[in-house]
Amino acid sequence: MKKKRTFKEWIKSRDGQQVLVMFAFMVVPLLLLFVFTYLPFGKMFSFSFYNMKYIGDRKFVGLKNYIKVFQRDDCFDALKLSLYYMLGSIVQLSLALYLATILSFKVKGGNIFKGFMFFPFLINGIAIGFIFKFFYTRGFVFDTVLQWCGFNLEDLPYWLKDQRINNFSLVGTSVWRYFGQNMVLFIGAIMSVDSELYEAAMLDGANRFQQFKYIIVPSIKTIITLNVILSITGSLSAFEPPYVITSGANGTGTYFVVMHEIAHTQQKVGLASAMAIILLLIIFVVTIFQKLFFKYVFKNSEDEDPRAEIRRQRAIKRSIKRQQRLSAAGGK
Amino acid sequence: MGVMDKIGRVIFTIVKYLSLVFFSFCAVLPVISCVITAFKTDEEYHTTNVMTMPKNWLYFDNFVRAFKQAGMARAFANSLIILVCVLFFSVMIGTQLAYVLNRFKFFGNTIIRALFLFASQLPGVAMQIAVYEIMYKLGFINSLMGYIIMMCGTDIISIYIYIQFFENISYSLDESAIIDGASYFTIFYKILFPLLKPAIVTSCILKGVGTYNEYYCASLYLQDKTRYATVATSLYTFVGPLGSEYNLICAGVIISLLPAFLVFVLCQKQIYSGLTVGAVKG
């Protein structure tokens, strides 16, 4: 028969202690998570059905805000700009992968190069804004360097004013800021591969490209996938470069820059909330789609131990080498 | 080894170092040009090309002027207060949460992890539309304390760093303490917390740099720039009338990134490892 315990006894028992410590340790973080993430998330959803400012009356307008978002040109022109940022993130990821591969081999001063390329990630956004306003000003840093390379100043565009080029300039700053960070992530992943694999491959005469293809890529596939997903959602929500460098002028206002302007300058909170919800939905759909896509693409190779593949490759190579050696000996 | 192999290797080495030098140059050029300009007198700045070296590398006037005009003494004090409070509280909250999530199996464990993970995916700029209203209702606009509380919310990366560390601390340690009659609080504070030190250092560096550099929320919620400017938002002084005096602006920029630079030089390893843990787990 089970003895009934009083609350006092229960709280002194191990079970009670466990519940107590769990409550004590989780209440604050969960409260903060609720107040600053999930509550605003819910509020934003309800705001999107109102015509309202932060202070004062609010009027229920149903789906009008959503309809307005689709009717406004500035919102959809802004969404098109994310294509520039997607292009930039492709460049950024390939560059990061290339440099990470190089740095994972023996390189003199590797850490210094790594440090140089990573440091931009640690500079605050406002400082970056000033640095690049200065960098792109007519006749200043970028133009000077191009002149060293033999360009004429007259042939060079205004990097931040010319609407044909200014979004590329801004995307460039974003690539500049983040490629080092991506590179560090990739290096971390590459380094987590058993170094024996590289040694074995070297002994078997695999060249750099083969090492890249058969050892590095399979082992960091997950992190590449993750970064591709992050970079696409990231380009949809691109904000900082235009916000701090051009304030969205001259056709550089991305979706979030327009949204920030509508929410905090024009105080059309309902409309801005609708914009945010729409973008979150797009991001959500894109993420699910990508996850499914990658799951489908990697389905066959995922189950397999990457080392099995390498071992197989190694065996093939060894047999080729043996044949070569034999034929070379025969030739003599 | 064949001749072709040797040539291939030489070419590879050349390409390798050329790319490293080229991209390192691209990465540092914008910052270097700022340093050069920060050391120029007004006259020098107006008459020479931006990439010409300054005459006097010990000309610190711009730094002094920028520091005063942007009210950086106050800004550094504010940033320091914010940094100390945010780091202290987020370490306490984060390690406790990670302890519970790692050591106890209970219904909702995975749900809580998922809630934090999902929260990290929401773009901050969009969320601030509604957070602003909450901050306003709580009376947290233009309040250092309010900003600190908002920033204390623990993030998924620190949680992952701590959880990973807990995984490597043997559970037998807890068990023997339990047999000795220690309570869970004692186990956490007396035994596990001290062992967590390396993980705490790593996450503090990452979170610290992030907090120091944070400017979007700071500019939304700490609008009174004379009293509550942080180092990042104090740079806003240079927008407007001073907009083209780049020798002054560059000096301000350099001052603002010096702390991050020092931390980076001293703690490179922790930064790299912290980032990697966060990303691989995520």
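Here the structure is a predicted model, which is why all the values come from computation and not from measurement.

Conventions and cut-offs
Residues numbered from 1 in each chain as written. Chains lettered and ligands numbered in written order. Predicted model: local features only at pLDDT ≥ 70, side-chain atom pairs only at ≥ 80, totals over all residues. Helix = DSSP H or I, 4+ residues; strand = E, 2+ residues; numbered from the N terminus. Buried ≥ 20, exposed ≤ 12 C-beta atoms within 10 Å, placed from the backbone. Core = buried A, V, L, I, M, F, W, Y, C linked by C-beta atoms within 7 Å. Domains from an automatic or database assignment. Contact = placed C-beta atoms within 7 Å. Axes fitted to C-alpha atoms, helices over the stretch in contact; angles between N-to-C directions. Parallel < 35°, antiparallel > 145°, perpendicular 65-115°, else oblique. Nonpolar A, V, L, I, M, F, W, Y, C, P; charged D, E, K, R; others polar. Left-handed = near helix turned anticlockwise from the far one by under 90°. Expected span 1.5 Å × (residues − 1). Bend = angle between axes of the 7 residues up to and from the residue. pLDDT = per-residue confidence, 0-100.

On a plain count of helices and strands, chain B comes out with 14 helices and zero strands. Reading the helices (α) and strands (β) of chain B from amino to carboxyl end gives α-α-α-α-α-α-α-α-α-α-α-α-α-α. Its C-alpha atoms give chain B principal-axis dimensions of about 75 × 75 × 35 Å. A total of 282 residues make up chain B; the buried ones form 40% of that total.

Membership of the largest hydrophobic core comes to 163 residues, with the highest contact counts inside it found for Ile131, Phe186, Met259, Met275 and Ala276 of chain A together with Val253 of chain B. When residues in this core are grouped by element, the largest group, 14 residues, is from helix H14 (residues 246-281) of chain B. Of the domains in this structure, domain 1 (3-59) and domain 2 (72-281) of chain B are the two that each give at least three residues to this core. If near-sequence neighbours (up to four positions away) are discounted, Ala276 of chain A is found in contact with Met44 and Met259 of chain A together with Ala126 and Ile129 of chain B.

Before going further, it helps to examine the packing of helix H2 (residues 14-47) of chain A against helix H6 (residues 124-137) of chain B. H6 of chain B packs onto H2 of chain A with a crossing angle of 100° between their chain directions and a minimal axis gap of 8 Å. Viewed along their axes, H2 of chain A and H6 of chain B adopt a mutual orientation that is roughly perpendicular. Contacts from Val35, Phe36, Thr37, Leu39, Pro40, Lys43, Met44 and Phe47 of chain A of H2 of chain A reach H6 of chain B at Met127, Ile129, Ala130, Val131, Glu133 and Ile134 of chain B. Of the residues belonging to the contact of H2 of chain A with H6 of chain B, the class tally is eleven nonpolar, one polar and two charged.

Glancing now at the packing of helix H4 (residues 73-104) of chain A against helix H8 (residues 166-191) of chain A. All names here are of chain A. Orientation of H4 relative to H8, taken along the N-to-C sense of each, is 35°, at an axis distance of 7 Å. The two elements H4 and H8 meet at a crossing, and its hand is right-handed. Split into classes, the residues belonging to the contact of H4 with H8 amount to 22 nonpolar, six polar and no charged.

This part is about helix H1 (residues 3-38) of chain B. All names here are of chain B. Compared with an ideal rise of 1.5 Å per residue, which puts 36 residues at 52 Å, H1 spans 51 Å between its outermost C-alpha atoms and is within 8% of the ideal. Maximal helix bending in H1 amounts to about 45°, located at Leu29; proline Pro30 follows within four positions. Along H1, the residues that are buried comprise Leu20, Phe23, Ser24, Ala27, Pro30, Val31, Ser33, Cys34, Thr37 and Ala38.

With that out of the way, let us pick up the confidence of the model for chain B. Residues and elements named next belong to chain B. Averaged over every residue, the pLDDT of chain B is 90; the share at 70 or more is 96%. The least confident element of chain B is helix H8 (residues 156-167), whose mean pLDDT is 87; the most confident is helix H4 (residues 72-103), at 94. Note on the complex model: pTM 0.85, ipTM 0.90.

What follows deals with the interface of chain B and chain A. On the chain A side, the residues contacting the 67 residues of chain B number 65 residues. Ranked by the residues each element gives to the side of chain B that touches chain A, the list is headed by H14 of chain B, at 14 residues. Of the residues that constitute the side of chain B that touches chain A, the class distribution is 52 nonpolar, 13 polar and two charged.

Before going further, it helps to examine the environment of Val125 of chain B. Residue placement: Val125 of chain B occurs in helix H6. Each C-alpha atom of the pair Val125 of chain B and Tyr216 of chain B lies 8.0 Å from the other, and the pair is 91 residues apart in sequence. What Val125 of chain B contacts, discounting residues up to four positions off in sequence, is Phe239, Phe256 and His260 of chain A together with Tyr216 of chain B.

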